[in-house]
Amino acid sequence: FKEPLLWEKSKPGRCGISIPLADVEVSPLDPDLVGEAPELPELYELDVVRHYTRLSQWNIGIDSAMYPLGSCTMKYNPKTNDVQAARIGFAAAHPLADPDLSQGALELMHTLEGFLAEIAGMAATTLQPAAGAHGELTGMMIIHAYHAKNGRQRTKILIPDTAHGTNPASAALCGYSPVNITSSELGMLTPKAVADAMDEDTAGIMITNPNTLGLFEEDLKEICDIVHQKGGLVYGDGANMNAVLGIVRPGDLGMDVVHYNLHKTFSTPHGGGGPGSGPISVVEKLVPFLPGPRIVKDDKGFSFKEKGPDSIGRMLTFYGHFGILVRAYAYIRSLGPDGLKRVSQLAVLNANYIKESLKDTLDLAYDRPCMHECVFSDKGQAPHKVTTLDMAKRLMDYGFHPPTIYFPLVVHGALMIEPTETESKETIDGLIHALKAIAEEARTNPDLVRSAPHLPKMQRLDEVTAARKPCLCG
Amino acid sequence: FKEPLLWEKSKPGRCGISIPLADVEVSPLDPDLVGEAPELPELYELDVVRHYTRLSQWNIGIDSAMYPLGSCTMKYNPKTNDVQAARIGFAAAHPLADPDLSQGALELMHTLEGFLAEIAGMAATTLQPAAGAHGELTGMMIIHAYHAKNGRQRTKILIPDTAHGTNPASAALCGYSPVNITSSELGMLTPKAVADAMDEDTAGIMITNPNTLGLFEEDLKEICDIVHQKGGLVYGDGANMNAVLGIVRPGDLGMDVVHYNLHKTFSTPHGGGGPGSGPISVVEKLVPFLPGPRIVKDDKGFSFKEKGPDSIGRMLTFYGHFGILVRAYAYIRSLGPDGLKRVSQLAVLNANYIKESLKDTLDLAYDRPCMHECVFSDKGQAPHKVTTLDMAKRLMDYGFHPPTIYFPLVVHGALMIEPTETESKETIDGLIHALKAIAEEARTNPDLVRSAPHLPKMQRLDEVTAARKPCLCG
Amino acid sequence: MRYLPHTDQDIREMLSVTGMDSLEDLFTVIPEKFRVREPLDLPPAMDEWALNDHMEALAGSMGAASRSRVFIGAGSYSHHIPSALSYLIGRSEFATAYTPYQPEVSQGTLQGIYEFQSMITALLGMDIATASHYDCGTALAEALLIALRKNKQTRTVAVSSLVHPFHREIIKTYLTPAGYSMVELPQNPDGTTDFSLLDTLDVAGIAVQSPNFLGCIEDLARVKAIADSKKALFITSFTEALAYGLLKNPGSFGADLVAGEGQSLGIPQSFGGPGLGILSSTKNLMRALPGRYVGKTTDMAGEPGFVLTLATREQHIKREKASSNICSNNGLNAMAAGMYMAFTGRVGMRKIAQINHDKAVFLKAALQDAGLEPAFDRPFFNEFVLKVNDGFREKRETLKTRFNMVAGLDLEPYYPALANHYLFCATEVFSRQDMETLAREVK
Amino acid sequence: MRYLPHTDQDIREMLSVTGMDSLEDLFTVIPEKFRVREPLDLPPAMDEWALNDHMEALAGSMGAASRSRVFIGAGSYSHHIPSALSYLIGRSEFATAYTPYQPEVSQGTLQGIYEFQSMITALLGMDIATASHYDCGTALAEALLIALRKNKQTRTVAVSSLVHPFHREIIKTYLTPAGYSMVELPQNPDGTTDFSLLDTLDVAGIAVQSPNFLGCIEDLARVKAIADSKKALFITSFTEALAYGLLKNPGSFGADLVAGEGQSLGIPQSFGGPGLGILSSTKNLMRALPGRYVGKTTDMAGEPGFVLTLATREQHIKREKASSNICSNNGLNAMAAGMYMAFTGRVGMRKIAQINHDKAVFLKAALQDAGLEPAFDRPFFNEFVLKVNDGFREKRETLKTRFNMVAGLDLEPYYPALANHYLFCATEVFSRQDMETLAREVK
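The shown structure was predicted, so the numbers you read here are calculated from the model rather than taken from an experiment. Every chain's residues receive numbers from 1 upward, in the order its sequence appears when written. All chains are assigned letters beginning with A, and all ligands numbers beginning with 1, in the order in which they are written. A pLDDT threshold of at least 70 governs which residues receive local features in this predicted model, and a stricter bar of 80 or more applies before side-chain atom pairs are shown or counted, although totals over entire chains, interfaces and linings include all residues. The side-chain numbers reported here are obtained from all heavy atoms of the structure, hydrogens and water having been left aside.

S.K.: Sorry, what's going on with the overall build of chain A here?
M.R.: Secondary structure is summarised from DSSP: a helix means a run of H or I of at least four residues, a strand means a run of E of at least two, and numbering begins at the N terminus for each. The secondary structure content of chain A amounts to 14 helices and 13 strands. With the C-alpha coordinates of chain A rotated into their principal frame, the extents come out at 75 × 60 × 45 Å. With 474 residues in all, chain A has 70% of them scored as buried. For chain A, the proportion of contacts with a sequence separation of at least 24, taken over those separated by at least 6, is 71%. Note on exposure labels: buried denotes an accessible area under 20% of the residue type's maximum, exposed denotes more than 50%, and partly exposed covers the range between, all computed with a 1.4 Å probe on protein chains only. What makes two residues a contact is simply this: any of their non-hydrogen atoms within 4.5 Å.

Structure representation (structure tokens):
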């Protein structure tokens, strides 16, 4: 059943919130300052409850079905994490309350900074960035500030063709021009390609590792050395850290900055597009450039220390997405070092199992041992005029959220599958079975696939008209 | 998508609960006493979360759609009530903890007893009964004990033909034989019918008011007087109290005992079949017979007092469904006396509006001003071989839960609609529209109605085979 | 009021359809003199925020508000509840649905309860289980009524005096108006039931609780033999469901009927209710059990599905000839218990049960080291009785005020012969440190 | 570990499909010498119950744990959140979904965000709004970057010094590496912005906050006139969204861009984050705004539905030419804010805003009666500055320890000229009695 828009249900005079007791006198403001009451819809409590209950029923979440979006790490979001973040002492805390009233939160964050630095193999962490892309921006600003401090700013940054789109966008915000580095026929960066491009006008390189093909950059250490020799820095996009927790540390490979997506690797919910959290860890020499404030501990306990002279400044109004940090902290405490390593082992096992099970059915972009995800293409279906988009939509009819499609750009018609460690063999076998069936349908009944999805409430939506004649509010 | 049974998803070795730290030595029990581990399914946390998330999606609740089940008072269950019951001080309380650790709960219950007595117009209340039918049983036991105490037990009880099935069942558990009283052509009890049946072997009468036809028993006071004159007592089934809060009080009409369904009138959730709560209020002369313990207040505070010599005994292990009582208390405090009266006014308005709007479409059993519900029949559809059941199932296709059907028994093919006060005019207009459309379909396309429902996941289920070859566990 | 949708205009329009002028007119069928003139004498409405403050004040005055350690079981047990369970059971599709009379839109509740029934039979080793009852006490009373209906040659049942005292009260209350009676079987010195009374007595059923109220595990094989010799139904009950994660189940002893309390299976203690009544039996009693069943069937397209079934036993069909008057039961708690058993599974249930036993053994030893005396020499699960010494009562008060700990339940009100005896309970929620503190302070 | 489904047998079977012998083999592509040999130096795993205890200990040490009254706003406000909202936003279909790239299975998120966008434009009197940003500070920085991109003749923007100090820090941080600069407009004695610097300065945009950091309502009509005269974009921001339940909205003053903080709209304070960045503008800036939009469209059957749209502005298409790098935003909080506005509606929003103002007026008067001096004579919404007297600091400490009350924010760290000035806030959550206590104790 269609759910009407809120204002289609509105009727003047209804109100769905409890109005608090007015126990003081009314003090009218100067009428010149006062506007009309905002034209919000008028509903009563059950209206609103039903509206959002019904809307929720049209969404797929991790709790509803497997959600193998490549590069998004849609793993199970443990309920206990939400319970921890909702504790009144945390949820009702004012960020500017006196430090003696804030010790628990400060201690938690200080400890979490240490955990993330340890996982990265780096010296220090800031929890301030609000999301992965915000972490990238913070990292690039630090690199920018580092070069500025060293007396000569640089103009370029190396970015592989397999990078997330956020990488060049973040670099551009710091005034850097991205230089595209083509990956090899094996799907990886080569030291040669980097050496050819790296010069002393280049601030550094942004590397996603494992990369967006799901492959581990085998020559990473050598590449880092090349960049360092020219005075550059290595930025690590940690979106894919779920593959290597306790297996390998970015710092040990020579990276200088790395960001985390807590809502990917550390199991906090994605919320239909956030809020996320994108802490970054840095090596020793970059610590002075971290944004302020920082959390310090002295004999009076924990407190915020304002930024030092070399700090890039402030990235967010208050110190990070605390509610998300609580969840990530709870997750790390729940798993411990052995559990985190197990997470990566099983995430990689699941991806390799899918890769091996489907490589005879779908065209595998790069047939190598993968990490946490694997990328197929629609090459085999193209003769039947069935595209990756068609297969993705058809997968909905089999009860799965589609994988990431048409990314990375280096694979034509990419179908990027990341199962994560929290999907069981049975569920994965179901996905494999569905994709095999769809490949068969593409051969025998391509119209069925092209007209998918058939089961969701909506058929395919017209995104072209939406963009051509935008209607952004009702 | 079908959701498999739990054990179809089971795999040996999985466990979905966190095992607490074993910080004491293992102490094996005598092996003769120890059995095999119970053969429960083995799942991990996400398995279980997905299983129940999916199951929930196949249910309709009040939050999903209008649920006009007659006699069930499916009103909105305010979320704040659940929050109150979940407060750790309440949810984690042990019922046998010392009274000094239990004052808040005792005070709440003592106050709620007073509220319910005031609403009933009676002297005292026990919160002990676990559900409406349990309240009935408690009430009938009190009547039984009263007659026993007065020296001569009686053998019969008068029960109108419009009564809930629980009434005769409750009476029978006390050894009383129900005597059926036929209601008049107006759908009500007549003083004459009661006077003819009432004698000194009759313990009393069980009256639902408003009755299950949704009609107020206009001669109730006279009927009570007749019963009292013969030494009988009047039991009031309060299932339909939602019609008369603050309008009329059972005690003022001469009733001696009345039970409440807190999960109907006082907005606590029905939970797919309970837990409910069925407090009873009684007039002064019946107070000594109330079950024990009772809550008393003295200078040391509130405490449980064990039962007195005339008490019928104990009805439930601990004192009532406390978690439900908290919700009902919160509801009464949220509405206050004016709000409760408004509830009944609007519940009755909604029912009358439906009755008037549909009486030209469906056959109205009794065309009189109704209280909180109204009863139609399938007389008009019978010529098309469309039954009440068919119409009920078809209503699912229009997005409504069906009304109560084939009850009360005095109306052939009854369709009993109780909108409650929390449904808006628009939603009710939607229901009216749907029933009119179905009546039209019954005329023009009866097969469509007979084969309904078409939209839910399941078609009509085979209840006959289920009962003939019961399969009660997998 | 935010729960009420009616605008003034709605009311006018709707009144006009009904042909009335005012809301008062709706009630003219009620004789004027009986209509309430003054507002009810209830406190005025509170907004949501004032209510929160008021309720937190009440809840905050409870001992449980401050993470207290109540070393008492006696029918209500403190166990961990997974946060995933609390979330799932709170989903409104479960909580705000009615009894699943319309199976096409209620498959969630129905499948969940069917699975609950199945897991209960697995836990207890029985053939069938109902969809739920109010609590163990009422389920046990129903079980005895079944025995009395089955064996009409006697109007008496035998119940162990070590069945929970409140359950025995309920049984008496239920039996009295129906004209039945109950004989209480006394206690052996070792804390188990003395069956010798039955040598000379005919009864329709024999009920014991195991572990019994004193925590002792009864010899169920013996009860079975006696019941068989009397042609009485063998009924057993329990208040601590986790015990059957470890102990041989009642089915393996040949029980005819099992009544139990399911609160330990993921349900908050909530000052005693709502709990979860479990009633389970052998197959041949299927049509004698009261209450609801969910059964498996198929729809018109042949797809498997679930329905309420065997309703012909119930009050809304059979009226006074019904096997019981039960209607609303504790369905949502049965769903929660099903979730709990699904989360724990075979392995988790066994492990948690073992930890309960281990903790209780540790606590008993620690308290004996502190000078309390053992009362009975019988195996127990997680509850046991100790005899206390002089000065214990004062120390118990100190523990309460200084450590938020409640040191056991005084048995004297329930068993006058057991003056100076306390019933203790330990579960997985108590840490070794908690128990050491308790023992240190009672020394 | 209960989150991990793999049994030993699963692992064996899956390894065999991949042709490997052990889990370690999966990582042989990583040069051995870089692989971590020792377990990470992290504390060992905790069970769920130990975690609960540990986290409650941390949370319990916070002032907020004990129903404290923090009379501070300054960008984070204590407001009531309906329990129905908390329930709805916790439904996993919302919380555990990803960005709605696949609209056919994401209509819930999409329609909810579309409604949020619509209600924000209604609240602010603007044409369009994005799906959300991180917080007000980052949204404001993005707004200034838009102005700089639009008006390329200058690389400078003007920002009022009464914009939240942390927001100004963010702006500086964002502008610096891009080679832009910001001029801070000083303060008038009455607590509003002094625009005289602009007489001689060309800027791409002018940003003021209203009510500003000192609580004073700015003269937005004046800002509009100045911005127009400079051909600069008129940008306004706010940290207290409820103010626009009462005040004339920015749209009515002709603002080009509005950046705001939506935390007051049903989002917990949560020690400062996640909040909700709001960015709203006139229609002509639609393609200049960064971040996501939800738009209305139809499906192949002609049914109306919703999709993410205008993505061609975004980083995953445009890469380095994107208007911003924003990807994940604060979607779930936008959904919560949409719910809050749906619950309050036109009437509720106005009433609650008025109550906020009334409480603040009451508190200010009470504190002035207690001897604190007014600092500025400008209208305010729910925040205001007072000059404190000697001994205030000690009384403030006493209030904290004895009454769990925090008496305002010391402004000196932010505005050295305002030593001995404190910023106070009152909202609907504080009772008259709370405020009377506060005033009594600072006297």
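After presenting the structure, the write-up continues.
S.K.: Sorry if this is basic, but what is going on with helix 8 (residues 220–230) of chain C here?
M.R.: Residues and elements named next belong to chain C. Turning to helix 8, its buried residues are Leu220, Val223, Ile226, Ala227 and Lys230. For helix 8, the angular spread of buried residues about the axis comes to 120 degrees, placing them on one side. Put simply, Asp219 is the residue that caps the front of helix 8, since its side-chain oxygen is 3.3 Å from the backbone nitrogen of Ala221. Positive backbone phi, approximately 55 degrees, marks Lys231, located one or two places after helix 8. Throughout, the arc means that of the directions going from the helix axis to the C-beta atoms. Identification of polar contacts relies on pairs of N or O atoms within 3.5 Å, with a donor-acceptor requirement for protein atoms, meaning one able to donate a hydrogen and the other able to accept it, and with residues adjacent in sequence counted only if both atoms are side-chain atoms.

S.K.: How should I be thinking about the sheet that holds strand 4 (residues 181–185) of chain C in this particular structure?
M.R.: Paired through backbone hydrogen bonds, the strands of a sheet run either parallel or antiparallel to each other. Residues and elements named next belong to chain C. What the 7 strands build is an open sheet, ordered 2-8-7-6-5-3-4; its pairing is mixed. Each having just a single partner strand, strand 2 (128–129) and strand 4 make up the two edges of the open sheet. When DSSP finds at least two bridges between two strands, those strands are taken to pair. Bridge count for strand 3 (residues 156–160) against strand 5 (residues 205–209) is 2 bridges, and the pairing is parallel. Of the residues in strand 5, the one forming a bridge with Ala158 is Ile206. The strands that helix 6 (residues 136–150) touches are strand 3, strand 5, strand 6 (233–238), strand 7 (257–261) and strand 8 (277–281); relative to strand 6, the one it contacts most, it runs at about 180 degrees. Across the sheet, helix 8 lies against strand 5 and strand 6, angled at about 150 degrees from strand 6, the strand it touches most. Axes, fitted as lines to C-alpha atoms, cover a helix only where it is in contact. Angles between the N-to-C directions of the axes lie from 0 to 180 degrees.

S.K.: Please explain the relation of the copies chain C and chain D as it appears in this structure.
M.R.: Both copies of the chain are related through a single rotation about an axis accompanied by a shift along the same axis. Copies overlap after least-squares fitting; the atoms used are the C-alpha atoms of residues with pLDDT of at least 70 in both. For the pair chain C and chain D, the superposition axis carries a translation of 0.0 Å, the fit reaches an RMSD of 0.0 Å, and the rotation angle comes to 180 degrees. With respect to symmetry, the two chain copies, as superposed, fit the operation of a two-fold axis. If distances are taken from each C-alpha of chain C to the rotation axis, the shortest is found for Arg91(C), at 3.8 Å. With an isologous cut-off of 70% or more, the 100% of interface residues of chain C that recur at the interface of chain D puts this contact in the isologous class.

S.K.: When you look at the nonpolar core in this model, what are you seeing that I'm missing?
M.R.: Side chains that are nonpolar tend, in soluble globular proteins, to be buried together. The nonpolar core is taken to be a set of buried Ala, Val, Leu, Ile, Met, Phe, Trp, Tyr and Cys residues, with the residues joined through side-chain atoms within 4.5 Å. The biggest cluster of nonpolar side chains holds 270 residues, and the ones touching the most others in it are Met109(A), Ile119(A), Phe266(A), Tyr52(B) and Ile206(C). Considering every element that reaches this core, the biggest residue donor is helix 10 (residues 322–358) of chain A, with 19 residues. Not counting residues within four places of it along the chain, the set of residues in contact with Ile206(C) comprises Ala158(C), Leu185(C), Phe195(C), Leu198(C), Val223(C), Ile226(C), Ala227(C), Ala232(C), Leu233(C), Phe234(C) and Ile235(C). Ile17(A), Leu158(B), Leu245(B) and Ala143(C) belong to the second largest nonpolar core, which has 269 residues in total.

S.K.: What am I meant to see in the packing of helix 4 (residues 103–120) of chain A against helix 10 of chain A here?
M.R.: When two helices pack together, their arrangement is given by the angle between the helix axes and by the axis-to-axis distance. Residue and element names in this part refer to chain A. For the pair helix 4 and helix 10, interaxial distance at closest approach is 10 Å and the crossing angle is 50 degrees. Comparing the axis directions of helix 4 and helix 10 gives the class oblique. Along this stretch, helix 4 crosses helix 10, giving a crossing that reads as left-handed. In contact with Ala105, Leu108, Met109, Thr111, Leu112, Phe115, Leu116 and Ile119 of helix 4, helix 10 contributes Phe322, Leu325, Val326, Tyr329, Ile332, Arg333 and Leu340. Among the residues making up the contact of helix 4 with helix 10, the classes are represented as 13 nonpolar, 1 polar and 1 charged. For classification, angles of less than 35 degrees are called roughly parallel, those exceeding 145 degrees roughly antiparallel, those between 65 and 115 degrees roughly perpendicular, and all remaining angles oblique. Crossings are classed by handedness, with left-handed meaning an anticlockwise turn of the near helix from the far one by less than a right angle and right-handed meaning a clockwise turn. Think of it as three bins: nonpolar holds Ala, Val, Leu, Ile, Met, Phe, Trp, Tyr, Cys and Pro, charged holds Asp, Glu, Lys and Arg, and polar takes everything else, Gly as well.

S.K.: Which parts of the structure should I look at to understand the interface of chain C and chain D?
M.R.: By a frequent convention, interface size equals the accessible area lost on bringing the separate parts together. If you look at the interface, chain C gives 13 residues, while chain D gives 13 residues. Carbon and sulfur atoms supply 43% of the area buried between chain C and chain D, which totals about 1,000 Å² over both sides. Buried area: the accessible surface (1.4 Å probe) lost by two parts on joining, summed over both. It is Trp49(C), His80(C) and Arg91(C) that lose the most area in chain C upon contact with chain D, and together they represent 43% of the buried surface on that side. Any Lys or Arg side-chain nitrogen found within 4 Å of a carboxyl oxygen on Asp or Glu counts as a salt bridge. Put simply, chain C and chain D have 2 salt bridges between them. A salt bridge links Arg91(D) to Glu93(C), with the nearest nitrogen and oxygen atoms 2.6 Å apart. In this assembly, chain C and chain D are joined by 6 residue pairs in polar contact (both at pLDDT 80 or more). Of all the elements in the fold, those that place two or more residues in the side of chain C that touches chain D are helix 2 (48–60), helix 3 (83–89) and helix 4 (92–95) of chain C. Here the residues of the side of chain C that touches chain D sort into 4 nonpolar, 4 polar and 5 charged.

S.K.: What is the right way to read the domain arrangement of chain C from this model?
M.R.: Residue and element names in this part refer to chain C. Start and end positions for the domains come from either an automated domain assignment or a database one. Split by domain assignment, chain C resolves into domain 1 (69–82 + 346–442) and domain 2 (84–341). In this structure, domain 1 and domain 2 have C-alpha centres spaced 27 Å apart. On the domain 2 side, the residues contacting the 32 residues of domain 1 number 40 residues. With both sides pooled, the region where domain 1 packs onto domain 2 buries about 2,800 Å², and carbon together with sulfur makes up 63% of that total. Applying the counting criterion to the domain 1 and domain 2 interface returns 0 salt bridges. For the side of domain 1 that touches domain 2, the elements supplying multiple residues, two or more each, are helix 10 (331–369) and strand 12 (383–387). Broken down by element, the residue count for the side of domain 1 that touches domain 2 peaks at 7 residues, all from helix 10. Here the residues of the side of domain 1 that touches domain 2 sort into 19 nonpolar, 9 polar and 4 charged.

S.K.: What should I look at first to understand the packing of helix 1 (residues 45–56) of chain B against helix 5 (residues 107–124) of chain C in this one?
M.R.: Packing of helix 1 of chain B against helix 5 of chain C leaves a shortest axis separation of 7 Å and a crossing angle of 135 degrees. Between helix 1 of chain B and helix 5 of chain C, the crossing angle belongs to the class labelled oblique. Where helix 1 of chain B abuts helix 5 of chain C, its residues His51(B), Tyr52(B) and Leu55(B) lie against Gly108(C), Gln111(C), Gly112(C), Glu115(C) and Met119(C). Looking at side-chain class alone, the contact of helix 1 of chain B with helix 5 of chain C contains 3 nonpolar, 4 polar and 1 charged residues.

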